[in-house]
Amino acid sequence: MSSSPPPGSTSTGTGGETRLLTGSGVASNNGTKATPALSGDLLGDWREEVVWRTSDNTRLRIHTTRDVTDRKIFTLLHDPQYRVALAWQNTAYNQPPHPSFFIGNGMAAPAQPAIYVR
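Residues numbered from 1 in each chain as written. Predicted model: local features only at pLDDT ≥ 70, side-chain atom pairs only at ≥ 80, totals over all residues. Heavy atoms only, no water.

A short note on the overall build of the protein
Part 1 of the reasoning: The secondary structure content of the protein amounts to one helix and six strands.
Part 2 of the reasoning: The helix and strand sequence of the protein, counted from the amino end, reads β-β-β-β-β-β-α.
Part 3 of the reasoning: Counting only residues that meet the buried cut, the protein has 28% of its 118 residues in that class.
Part 4 of the reasoning: Considering only intrachain contacts with a sequence separation of at least 6, the fraction spanning at least 24 residues in the protein is 41%.
Part 5 of the reasoning: On the protein, roughly 8400 Å² of surface is accessible, and the fraction owed to carbon and sulfur atoms is 53%. (Helix = DSSP H or I, 4+ residues; strand = E, 2+ residues; numbered from the N terminus. Buried < 20%, exposed > 50% of the residue type's maximum accessible area, 1.4 Å probe, protein only. Contact = heavy atoms within 4.5 Å. Areas by Shrake-Rupley, 256 points an atom, 1.4 Å probe, with all protein chains shown as cover.)

Right, dumping it as structure tokens:
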């Protein structure tokens with residue numbers, strides 16, 4: 001990992017790339033793509049978190065947003081397609097998971113998930 005840049009996330013917009021996060025003191029799971037340990041909607045507010053292991057392999061760091069949102073929907077893990085995508089994304093294929101519905105401006109409210117507790 002020492003020859004690789006630190007893990008980070010960038011967002012490409014009309015103004016170019018903007019670094020959103022620099023993972024200081026953390027290590028990725030490979031040297032070619034700087035893959036985090038896990039990424040997805042882990043805390044259940046539909047916005048995704050990223051988890052990296054520390055460089056000494058003793059801790060996990062969870063990075064999330066502090067931005068307030070007025071969009072209230074069910075956690076993405078209640079969506080079966082997203083749940084399956086999160087599993088494949090973090091075990092083999094390593095591509096972002098996508099829900100079965102559109103999230104963004106003008107979106108319709110997603111259907112309430114059918115959740116049964118026994």
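Having seen the structure, we can now continue with the description.
So, the pattern of salt bridges
Part 1 of the reasoning: Across all of its chains, the model carries one salt bridge by this definition.
Part 2 of the reasoning: Its salt-bridge partner being Arg 47, residue Asp 45 comes within 3.0 Å of it at the nearest N-O pair.
Part 3 of the reasoning: Taking relative accessible area as the criterion, Asp 45 reaches 26% and is therefore assigned partly exposed.
Part 4 of the reasoning: By relative accessible area, Arg 47 is classed as buried at 18%. (Salt bridge = Lys/Arg side-chain N within 4 Å of Asp/Glu carboxyl O.)

As for unusual backbone geometry
Peptide bonds are mostly trans, and most non-glycine residues show a negative phi.
Part 1 of the reasoning: Phi at Trp 46 is positive, roughly 80°, even though this residue is not glycine.
Part 2 of the reasoning: In this structure Trp 46 comes out as buried when scored by relative accessible area, which is 17%.

A look at the confidence of the model for the protein
Part 1 of the reasoning: Averaged over every residue, the pLDDT of the protein is 80; the share at 70 or more is 84%.
Part 2 of the reasoning: Of all helices and strands in the protein, the one with the weakest mean pLDDT is strand β1 (residues 8-13) (54), whereas strand β6 (residues 60-63) scores best (92). (pLDDT = per-residue confidence, 0-100.)

Observations concerning the pairing of β6
Part 1 of the reasoning: By the bridge criterion, four bridges tie strand β5 (residues 49-54) to β6 in an arrangement that is antiparallel. Its bridge partner being in β6, Trp 52 is matched across the sheet by Arg 61.
Part 2 of the reasoning: As consecutive antiparallel partners, β5 and β6 are separated by five residues, and within that stretch Asn 57 has a phi angle of approximately 60°, a positive value. (Pairing = 2+ DSSP bridges.)

A few points about the side chain of Glu 49
Part 1 of the reasoning: Looking at the element boundaries, Glu 49 is found in strand β5.
Part 2 of the reasoning: Polar contacts involving the side chain of Glu 49 include one to the main-chain amide nitrogen of Leu 42, which spans 2.7 Å.
Part 3 of the reasoning: At a separation of 3.0 Å, a polar atom in the side chain of Glu 49 contacts the main-chain amide nitrogen of Leu 43.
Part 4 of the reasoning: Excluding its chain neighbours within four sequence positions, the residues that come into contact with Glu 49 are Leu 38, Ser 39, Gly 40, Asp 41, Leu 42, Leu 43, Ile 62, His 63 and Thr 64. (Polar contact = N/O pair within 3.5 Å; in protein donor to acceptor, adjacent residues only side chain to side chain.)

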